[in-house]
Amino acid sequence: MSSQIYRSASRAARSFLSSASKHKHRAVSEGRTAATAAAVSFKGTLPALASFTDSTNTSNKWIAGALALPAAEIIDMCNFITAYMLQDQEAHAAQMERTFIAIKPDGVQRGLISEIIARFERKGFKLVAIKLVVPSKAFAGKHYHDLKDRPFFNGLCNFLSSGPVLAMVWEGEGVIRYGRKLIGATDPSKSEPGTIRGDLAIVVGRNIIHGSDGPETAKDEINLWFKPEELTNYTSNQEKWVYGVN
């Protein structure tokens, strides 16, 4: 019986997700609501589940049959659907690009954290990881490993390890390329007004922020600064307004 329930749940979940592909964010939210309703009110009727499937005939038939099942099986079934939808949500997040952004010790000491975060948020990018750390010089050397043969390498490592660094991971379509545009040129004097460095920094040695310069760099830097469990997967309520998902 359980295997039949799970197969039925899987088919219904897949059918619902397919028909709601243009309403993915709403579907995830309503999936959670349905599972909660089942868990709280399984002894009576489940109007929340009925309204949840009003737009999908296949799911309507499935829910109608499911209501006759024992309460425990209804709860398991709803939990299964919720887990399936959350997996779909995580897959959606995985398709979005991620970049590593760090506010260097000068940016932290100057109190520019909120200003910089606000610029990424206003653009529409999503923060998925953040922490304040004081890296060791050895760790700084790993971060700047591609510059180890440059004469200024030692100075870079000394500076990055001189105080707290706000390490972040941002997610969004084109976030690597456009994140670099938000940051501005390495030399603040050559950065356009409106960019972070163009507005908030003056000299190269104190250019307040770092951003990954490509997909491979972003992957390496994220893995260096964050453990997998420190990265979050979630759907922001603003995404439908940013990307036009409707």
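Sequence positions are assigned chain by chain, starting from 1 and proceeding in written order. Since the coordinates come from a predicted model, pLDDT governs what is reported: local features require at least 70, and pairs of side-chain atoms require 80 or more to be given and counted, while whole-chain, interface and lining totals use all residues. Each side-chain value is derived from all of the structure's non-hydrogen atoms; neither hydrogens nor water enter the calculation.

### Here we look at helix 9 (residues 153–160)
Residues spaced three or four apart along an α-helix face the same direction, because each turn holds 3.6 residues.
Now for step 1: Any residue under 20% of the maximum accessible area for its type is buried, any over 50% is exposed, and the rest in between are partly exposed; the area is computed with a 1.4 Å probe on protein chains only. Strands here mean DSSP runs of E at least two residues long; helices mean DSSP runs of H or I at least four residues long; both are numbered from the N terminus. Buried residues of helix 9: Phe 153, Cys 157, Phe 159 and Leu 160, and no others. When helix 9 is viewed along its axis, its buried side chains cluster within an angular range of 165° and face the same direction.
Now for step 2: Contacts were defined at the residue level, with two residues in contact if any of their heavy atoms lie within 4.5 Å. Looking at the buried residues of helix 9, the elements they touch are helix 6 (105–109), helix 8 (137–143), strand 3 (165–172) and helix 12 (215–225). Directions from the helix axis toward the C-beta atoms define the arc.

### Overview of helix 12
Now for step 1: When helix 12 is considered as a whole, its buried residues turn out to be Ala 218, Glu 221, Ile 222 and Trp 225. Buried positions in helix 12, seen along its axis, are confined to an arc of 100° and lie on one side of it. Those residues of helix 12 that are exposed and angled more than 90 degrees off the buried face are Glu 216, Lys 219 and Asn 223.

### Some points on the pattern of salt bridges
Now for step 1: The rule for a salt bridge is simple: a side-chain nitrogen of Lys or Arg has to be within 4 Å of a carboxyl oxygen of Asp or Glu. Scanning all chains against the criterion turns up six salt bridges.
Now for step 2: Taking the shortest distance from any N to any O, the salt bridge between Lys 126 and Glu 171 comes out at 2.9 Å. Within this pair, whereas Lys 126 is found in strand 2 (residues 126–133), its partner Glu 171 is found in strand 3, the two being separated by 45 residues in sequence. The residues Lys 126 and Glu 171 share a single accessibility class, namely buried.
Now for step 3: Sharing partners across several salt bridges, the network here consists of Arg 98, Lys 126, Glu 171 and Glu 239.

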